[in-house]
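Tertiary structure, described
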Amino acid sequence: MVSGHTSLEAYRRVVIKIGSALLVDRSQGLKKQWLDAMCADIAALKRAGVDVLVVSSGAIALGRSVLSVPAGALKLEESQAAAAVGQIALARAWSEGLAGHAFVAGQILLTLGDTEERRRYLNARATIDQLLRLGAIPIINENDTVATSEIRYGDNDRLAARVATMVGADMLILLSDIDGLYTAPPHLDPNAEFLPQVPAITPEIEAMAGGAASELSRGGMRTKIDAGKIATGAGCAMIIASGKVEHPLRAVDNGARFSWFAPSASPVTARKTWIAGHLQPAGKISVDQGAEVALGSGKSLLPAGVTAVVGAFSRGDTVAILDVNGREIARGLAAYDADEARRIAGKKSGDIEAILGYAGRAAMIHRDDLVMSRARATA
Ligand code: GLU
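Predicted model only: the values in this text are computed from it and were never measured.

Bringing helix H2 (residues 32–47) into the picture now. Taking 1.5 Å of rise per residue, the 16 residues of H2 would be expected to cover 22 Å, and the 22 Å separating its terminal C-alpha atoms lies within 8% of that figure. When H2 is considered as a whole, its buried residues turn out to be Trp34, Leu35, Ala37, Met38, Cys39, Asp41, Ile42, Ala43, Leu45 and Lys46. Positive backbone phi, at 95 degrees, marks Gly49, one or two positions downstream of H2.

Neighbouring residues of the ligand: Ser20, Ser57, Gly58, Ala59, Ile60, Asn141, Asp144, Gly154, Asp155 and Asn156. Within the contact set of the ligand, an oxygen atom lies 3.0 Å away from a backbone nitrogen or oxygen of Ala59. Looking at the shell around the ligand residue by residue, the class counts come to two nonpolar, six polar and two charged.

One pass over the full model with this rule turns up 19 salt bridges. In this structure, the salt-bridge partner of Arg158 is Asp155, at a minimum N-O distance of 2.8 Å. For the salt bridge of Arg331 with Glu328, the shortest nitrogen-to-oxygen distance reads 2.7 Å. Taken together, the salt bridges that share partners define one network made up of Glu206, Arg222, Asp226 and Lys229.

Turning next to helix H4 (residues 76–99). Taking 1.5 Å of rise per residue, the 24 residues of H4 would be expected to cover 34 Å, and the 34 Å separating its terminal C-alpha atoms lies within 8% of that figure. A bend of about 30 degrees at Gly86 is the largest found in H4.

Bringing the sheet that holds strand E16 (residues 328–333) into the picture now. One open sheet holds the five strands; their spatial order is E14-E13-E15-E16-E17, and the pairing between them is mixed. The outermost strands of the open sheet, each flanked by one partner alone, are strand E14 (306–311) and strand E17 (370–372). Averaged over neighbouring strand pairs, the angle between their axes works out to 20 degrees when direction is ignored. Both strand E13 (residues 283–287) and E14 contribute to a ladder of five bridges, which runs antiparallel. Across the sheet, the residue bridging to Lys284 is Val310, located in E14.

To continue, consider the sheet that holds strand E10 (residues 197–198). Spatial strand order, E5-E6-E4-E1-E7-E11-E12-E10: eight strands in an open sheet with mixed pairing. Each end of this open sheet is capped by a strand with a single partner; those strands are strand E5 (105–110) and E10. Judged from the six bridges that link them, E5 and strand E6 (residues 137–142) form a sheet pairing that is parallel. Across the sheet, residue Gly106 finds its bridge partner in E6, namely Pro138. On the sheet, helix H7 (residues 156–166) packs against strand E1 (13–18), strand E4 (51–56), E5, E6 and strand E7 (171–176) and is oriented at approximately 170 degrees with respect to E1.

What follows deals with the environment of Met364. Considering the arrangement of structural elements, one finds Met364 in the loop between helix H14 (352–356) and E17. For Met364, a relative accessible area of 0% corresponds to the buried category. Not counting chain neighbours up to four residues away, the residues in contact with Met364 comprise Ile285, Leu301, Leu302, Pro303, Val306, Leu333, Ala334, Ala335, Tyr336, Ala341, Ile344 and Ala345.

Glancing now at the side chain of Ser300. With respect to the element layout, Ser300 can be found in the loop between helix H12 (289–296) and E14. Ser300 gets classed as buried once you look at its relative accessible area, which sits at 18%. Those residues within four positions of Ser300 in sequence are excluded, and the remaining contacts are Leu295, Ala363, Ile365, His366 and Arg367.

The next point concerns the packing of aromatic side chains. In this structure the tally under the stated criterion is two aromatic pairs. Relative to Trp274, the ring of Tyr121 lies with its centre 6.1 Å away and its plane at 50 degrees, an arrangement referred to as tilted. Placement of the pair is Tyr121 in helix H6 (residues 118–133) and Trp274 in helix H11 (residues 270–276), with a sequence separation of 153 residues. Pair check on accessibility: Tyr121 and Trp274 agree, each one buried. Relative to Phe194, the ring of Tyr182 has its centre 5.2 Å away and its plane inclined at 75 degrees; by these criteria the two rings are edge-to-face. One end of the pair, Tyr182, is in strand E8 (residues 181–182); the other, Phe194, is in strand E9 (residues 194–195), and twelve residues separate them in sequence. Using a relative accessible area of 16% as the deciding quantity, one classes Phe194 as buried. A cation over an aromatic ring shows up here: Arg118 above the ring of Trp274, its NZ or CZ 4.9 Å from the ring centre. The ring of Phe194 carries the charged tip of Arg257 above its face, separated from the ring centre by 4.0 Å.

On to the confidence of the model for the protein chain, then. The predicted coordinates ought not to be read in detail in places where the model reports low pLDDT. On average, residues of the protein chain carry a pLDDT of 89, and 94% of them reach 70 or more. Helix H15 (residues 374–378) is the least confidently modelled element of the protein chain, averaging 45 in pLDDT, while E4 averages 98, the highest of any element. Note on residues 212–218: pLDDT is under 50 here. Beyond four places in sequence and across chains, it has nine contacts.

Calculation criteria
- Residues numbered from 1 in each chain as written.
- Predicted model: local features only at pLDDT ≥ 70, side-chain atom pairs only at ≥ 80, totals over all residues.
- Heavy atoms only, no water.
- Helix = DSSP H or I, 4+ residues; strand = E, 2+ residues; numbered from the N terminus.
- Expected span 1.5 Å × (residues − 1).
- Buried < 20%, exposed > 50% of the residue type's maximum accessible area, 1.4 Å probe, protein only.
- Near = heavy atom within 4 Å.
- Polar contact = N/O pair within 3.5 Å; in protein donor to acceptor, adjacent residues only side chain to side chain.
- Nonpolar A, V, L, I, M, F, W, Y, C, P; charged D, E, K, R; others polar.
- Salt bridge = Lys/Arg side-chain N within 4 Å of Asp/Glu carboxyl O.
- Bend = angle between axes of the 7 residues up to and from the residue.
- Pairing = 2+ DSSP bridges.
- Axes fitted to C-alpha atoms, helices over the stretch in contact; angles between N-to-C directions.
- Contact = heavy atoms within 4.5 Å.
- Phe/Tyr/Trp six-rings, centres within 6.5 Å; stacked < 30°, edge-to-face > 60°.
- Lys NZ or Arg CZ within 6 Å of the ring centre and 35° of its normal.
- pLDDT = per-residue confidence, 0-100.

Structure representation (structure tokens):
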């Protein structure tokens, strides 16, 4: 597939994620000149009629620099405190930078729960929509001062992808110190090849990004590929480009190298996008081969095809559906609590009433609440 990218002005709604290292210098603090150039690029896009949202990292890094916290890993409460100081400075820098181009910035701080819980998700979406309608530029970050290790994104790549799908963006740009995806980490492997276009995020592409997300790879290529899965599955294209130049958006339009990820041709509905993008499914349901085939052809998941139920989820929670090899093939909203699901697993739908003592739903996950995992579908 040939890159569909012509000019950023061709997009309707663009989310730009900016990594900490671009904005903050360990010894000198905020990189004001770079930020001013970035604001000029954003203003140019806005004037061309594009809605722009910024997901800006840098709160913790900036707070460290203001508080003169020495180098080295931070404890959770140290990074929370650093973020409290840094976020004020960060928001002010964006506000002033954009004001220089006659645009207004609005700060939005999100926690994981704001995107994982449907009601809070819709609430956050409404606020962001309203900001855009009023012509302001949302400046978004994770609310790092209250995020704890179990309930945080930790990286702004996936947060930006969730925001992009939440607002129906058609382009997500990840700006960091790497200019795109390589077949192997370029600093470790001299034969690593650059990939200008990624038509689909297959298991091979995922393998190029390295193993599962870990403390070390946080914010690395792994989270960028995860972000790509969330965004492209919802019909939003993604670009990974270097932000190490001044005017990085202008550079993208003027032929700088970047990796372009094609949006899915058949994006799922907004509600299914929300289900698919969950970062922490509350449980796992294993299914047999017959059920896997049925799901693939768009059917609901019936209890009869369920072989195992793991986790302590409640009715309405998102669960991952695994095939006989333990690979995730779909996600959906459970129609039963975990203990009920365990009791009716492997049983016929007609027996549910006798087992549970009430007539529940025939399906364990209804097809309207179910979305296939894209990487498998395109593998
Ligand atoms: N939210 C973090 C911060 O503003 C950054 C997370 C990331 O680097 O992806 O400091």
